[in-house]
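# Descriptive structure summary
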Amino acid sequence: MGSAASLIERLSNIVGSERVRTDRDNLEEVCWDALSVGRIHPLKRPETASPLCVVLPVSSAEVRQIILLANEEKLPIVPYGGGSGLMGGAITLRPGIVLDTRRMDRVLEVDKEACFVRAQAGLVLEVLERRLSQEGLMLGHDPWTLPVATVGGAISTNSLGYRGAKYGSMGDEVLGLEVVLPNGEILTTRAVPKSSTGIALNYLFIGGEGCFGVITEATLRVFPRPERRSLNAVRFSSFEAGFLAIQNIYGLGLKPALMDFGDDAAKVKSGAILYLAFEGAKEVVEAEARLALDLCEKEGGKKLAQEEAEEFWRDRHVIARRFKQNRLQRRVGRSDGIRWEWVHVALPASRVLDFRKAAMAILAARGIALQESGLWTRPELFSMRLAADEGGGERAQLVLEDTVEELLRLVQRMGGSMEYCHGVGVKLAPLMAEEHGYGLEVMRQIKTTLDPNNIMNPGKMAL
Ligand SMILES: Cc1cc2nc3c(=O)[nH]c(=O)nc-3n(C[C@H](O)[C@H](O)[C@H](O)COP(=O)(O)OP(=O)(O)OC[C@H]3O[C@@H](n4cnc5c(N)ncnc54)[C@H](O)[C@@H]3O)c2cc1C
């Protein structure tokens, strides 16, 4: 391996010295993402390192040259988008190059007739959304982090957003990708909604967390802006009653654009609230909303004031704007004496209530508070927000993280998946063998074949 100075010089020859950064502030920003240190199991914390430099390419050709150089020098490359990932996927574990994609931020093509957009991977979703709205179009993907997350980061985590029930996850929106592979080859998949010509290579990169290549461009399915949106908030006397109403709504084949259900103690003293929206043609939306609200009423649901639903929709990106202004705070975590954890699991809908009950018993036995349990976009996607008093220091953290692992293992035993939208990163890597069985070995073999020098985001996803 050459010296750090010669590396910087060679990278500067590729992108120009202005787009190679080595100053402390820059390295500090991009060596970490939105995973707070306190959410890593204290006995399973990986070694971390400071990057050697950050490089900001503007084109696939530049990415290719950077990757060829890294391969020659056997240096790790960590692709970095908005840095809002919650699992440590963009953390630097070994000194290497952070490939910050945020200068690859161009919209390359909008086809209104065919309903697709082609964009560079570092484009922030909200910027893309604004551009599409000028054409009467919209993204189907609308996560909390719309103002921060990038096209490439959202694909690489197969992220899910508020409109996921109707339009699917970010991965579902991908028609085609351009990816620079670890050997410098540029792979372009055909941007069509369906083909039957071998396995779908897009899925090497959807949820791939930068381990198999750098996504440089994506062609995404987009949608006409809805003629009408019906927003509703309904309160139920219990989680179970709301769950049943939701099951009946989906059982009837209705497809809400938004389904967000939870028993957040800060919002409801008892019971749970369902935020439900339908989008599309006026007559269809009105009919769907009427049918869904009837099903809610049958389970004792009481419609809340319209303003409650409007406020929920209006404020859905507020937390992400706060994160954007104070990202370093996220790494340290909160300082209010409480340790927080989140669990986002996928289970067959018929097992969700059983899992919730079993989880509540585990939490009670461990002295951990369940602050909220809920469903997002589908009855199968179940979340919990947990809190432990920090008074016990490191011990409290150990108990909390052990408990999270116990819950995730229980989900796996019940036929579910331990995470439905945030990816694996370093946080969930220790549970990947249980999650995938021999599937993990298959992923490792693919990784070794494509990336024999293990330069692409090494140490993530247990690869
Ligand atoms: C307050 C808050 C709210 C959130 N809400 C949601 C939510 O509603 N839904 C949801 O799904 N997630 C949510 N997240 C998590 C996060 O926003 C998503 O995971 C998002 O998709 C990450 O995008 P990013 O551009 O920030 O990626 P990053 O964090 O920069 O990267 C994520 C992973 O992708 C890799 N990567 C990035 N760009 C590329 C590329 N071009 N090619 C290959 N690999 C790449 C990185 O190496 C890393 O492994 C939230 C996070 C926060 C902090």
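Residues numbered from 1 in each chain as written. Predicted model: local features only at pLDDT ≥ 70, side-chain atom pairs only at ≥ 80, totals over all residues. Heavy atoms only, no water.

## What to know about the sheet that holds strand β18 (residues 378–389)
What counts is decided by this rule: Note: two strands are recorded as paired if DSSP finds a minimum of 2 bridges between them. Elements are defined by DSSP. Helices are runs of H or I of four residues or more, strands are runs of E of two residues or more, and each kind is numbered from the N terminus. Residues are treated as being in contact if the distance between any of their heavy atoms lies within 4.5 Å. An axis is simply a line fitted to the C-alpha atoms; with a helix, the fit covers only the stretch in contact. Between two such axes, the angle follows the N-to-C directions and lies from 0 to 180 degrees.
One open sheet accounts for 7 strands, arranged β15-β12-β14-β13-β17-β18-β16; its pairing is antiparallel. On the outer flanks of this sheet lie β15 (302–303) and β16 (338–346), each paired with one strand and no other. Here β16 runs beside β18; their pairing, made up of 9 bridges, is antiparallel. Among the inter-strand pairings, Ile338 is bridged to a residue of β18, identified as Asp389. In the packing of helix α9 (residues 282–298) onto the sheet, contacts are made with β12 (228–236), β14 (272–280) and β15, and the angle to β12 comes to roughly 5 degrees. Helix α14 (residues 394–413) contacts β16 and β18 of the sheet and is inclined by roughly 10 degrees relative to β16.

## A few points about the pairing of strand β10 (residues 214–221)
We apply this condition: Each residue is assigned to one of three classes by its accessible area relative to the maximum for its type, calculated with a 1.4 Å probe on protein chains only: buried under 20%, partly exposed between the two thresholds, exposed over 50%.
Taking burial as the measure, the 8 residues of β10 include 7 buried ones, the bulk of the element. Sheet topology places strand β6 (residues 116–120) next to β10; 5 bridges connect them, and they run antiparallel. Bridged to Val117 within β10 is Leu220. In terms of strand pairing, strand β8 (residues 174–180) meets β10 through 6 bridges, oriented antiparallel. For Leu177, the partnering residue across the bridge sits in β10 and is Ala218.

## So, the nonpolar core
As a reminder, the rule being used: Buried residues of nine kinds, namely Ala, Val, Leu, Ile, Met, Phe, Trp, Tyr and Cys, make up a nonpolar core once their side-chain atoms join them within 4.5 Å. An automatic or database domain assignment is the source of the domain bounds shown.
Ranked by size, the top nonpolar core spans 85 residues in total, and within it Ile155, Leu220 and Phe355 carry the most contacts. Composition of this core by domain shows at least three residues from each of domain 2 (104–224) and domain 3 (228–316). With sequence-adjacent residues up to four places away left out, Ile155 is seen in contact with Met170, Val174, Leu177, Phe205, Ile206, Gly207, Ile215, Ala218 and Leu220. Within the second largest apolar cluster, 21 residues are counted, among which are Ile14, Ile66, Val180 and Met456.

## Side note on the environment of Ser238
Threshold: Polar contact is defined as a pair of N or O atoms within 3.5 Å, subject to the rule that within protein one atom must be able to donate a hydrogen and the other to accept it, and that residues adjacent in sequence are counted only when both atoms are side-chain atoms.
Mapped onto the elements, Ser238 comes out in the loop between β12 and α8 (239–251). Relative accessible area serves as the criterion here: at 24%, Ser238 is assigned to the partly exposed category. Beyond its immediate stretch of four places on either side in the chain, Ser238 contacts Gly271 and Ala272. Here the side chain of Ser238 touches Ala241 through a polar contact of 3.0 Å, landing on its backbone nitrogen.

## So, helix α3 (residues 60–73)
What counts is decided by this rule: What a helix should span is 1.5 Å times the count of its residues minus one.
Taking 1.5 Å per residue as the helical rise, α3 with its 14 residues ought to reach 20 Å, and the 20 Å between its terminal C-alpha atoms agrees with that figure. Turning to α3, its buried residues number three or more, namely Ser60, Glu62, Val63, Ile66, Ile67, Leu69, Ala70, Asn71 and Glu73. One or two positions beyond α3, positive phi appears at Lys74, with a value near 50 degrees.

## Things to note about the side chain of Arg163
Its location among the elements puts Arg163 in the loop between α5 (151–156) and α6 (164–167). There is a polar contact of 3.0 Å between the side chain of Arg163 and the side chain of Glu279. Those residues in contact with Arg163, other than ones at most four positions away along the chain, are Glu129, Met138, Leu139, Gly140, Asp142, Gly168, Arg229, Ala257, Glu279, Trp313 and Arg316.

## Concerning the site of the ligand
Filter applied, for reference: Any residue with a heavy atom lying within 4 Å of a molecule or strand is counted as near it. Surface accessibility follows the Shrake-Rupley procedure with a 1.4 Å probe radius. Residue values consider only the protein chains on display as shielding.
Taken together, 35 residues lie near the ligand, and Pro79, Ser84, Thr145, Thr150 and Leu160 sit nearest. At a separation of 2.9 Å, an oxygen atom of the ligand approaches a polar side-chain atom of Thr157. Here the ligand has 980 Å² of accessible area as a free molecule, and 98% of this is covered by the chains. Mapped onto the shell around the ligand, the elements with two or more residues apiece are β3 (77–80), α5 and β10.

## Observations concerning the pattern of salt bridges
Cut-off, in case you're wondering: Any Lys or Arg side-chain nitrogen found within 4 Å of a carboxyl oxygen on Asp or Glu counts as a salt bridge.
For the coordinates displayed, the defined rule picks out 32 salt bridges. The salt bridge involving Arg19 is made with Glu62; its shortest N-O contact spans 2.8 Å. Linking Arg19 in the loop between α1 (4–15) and β1 (20–21) with Glu62 in helix α3, this pair joins segments that are 43 residues apart in sequence. A single burial state applies to Arg19 and to Glu62, both of which are buried. In this structure, Lys447 engages Asp451 in a salt bridge whose closest nitrogen and oxygen atoms are separated by 2.7 Å. Note on Asp451: relative accessible area 2%, which makes it buried. Taken together, the salt bridges that share partners define one network made up of Asp142, Arg163, Arg229, Glu279 and Arg316.

## Notes on α8
End to end, α8 covers 18 Å across 13 residues, agreeing with the expected 18 Å (1.5 Å per residue, within 8%). When we look at burial in α8, the residues that qualify are Phe239, Ala241, Gly242, Phe243, Ala245, Ile246, Ile249 and Tyr250. Two residues or fewer past α8, Gly253 is found with a positive phi of approximately 90 degrees.

## Concerning the domain arrangement of the protein
Formally: Values labelled buried area give the accessible surface lost by two parts on being combined, using a 1.4 Å probe and summing over both. Under the grouping applied here, Gly and all other residues not named as nonpolar or charged are polar, the nonpolar ones being Ala, Val, Leu, Ile, Met, Phe, Trp, Tyr, Cys and Pro and the charged ones Asp, Glu, Lys and Arg.
Looking at the protein, the domain boundaries give domain 1 (4–102), domain 2 (104–224) and domain 3 (228–316). Relative to domain 2, the C-alpha centre of domain 1 lies at a distance of 22 Å. Counting from both sides, the interface comprises 17 residues of domain 1 and, opposite them, 20 residues of domain 2. Carbon and sulfur atoms supply 62% of the area that domain 1 and domain 2 bury against each other, a total of about 1,400 Å² over both sides. Three residues stand out in domain 1 for area buried against domain 2, namely Ser60, Ile67 and Thr101, and they jointly supply 29% of the buried area on that side. Between domain 1 and domain 2 we count 5 residue pairs in polar contact (both at pLDDT 80 or more) in total. Top contributing element to the side of domain 1 that touches domain 2 by residue count: α3, with 6 residues. Across the side of domain 1 that touches domain 2, the residue classes tally to 7 nonpolar, 8 polar and 2 charged.

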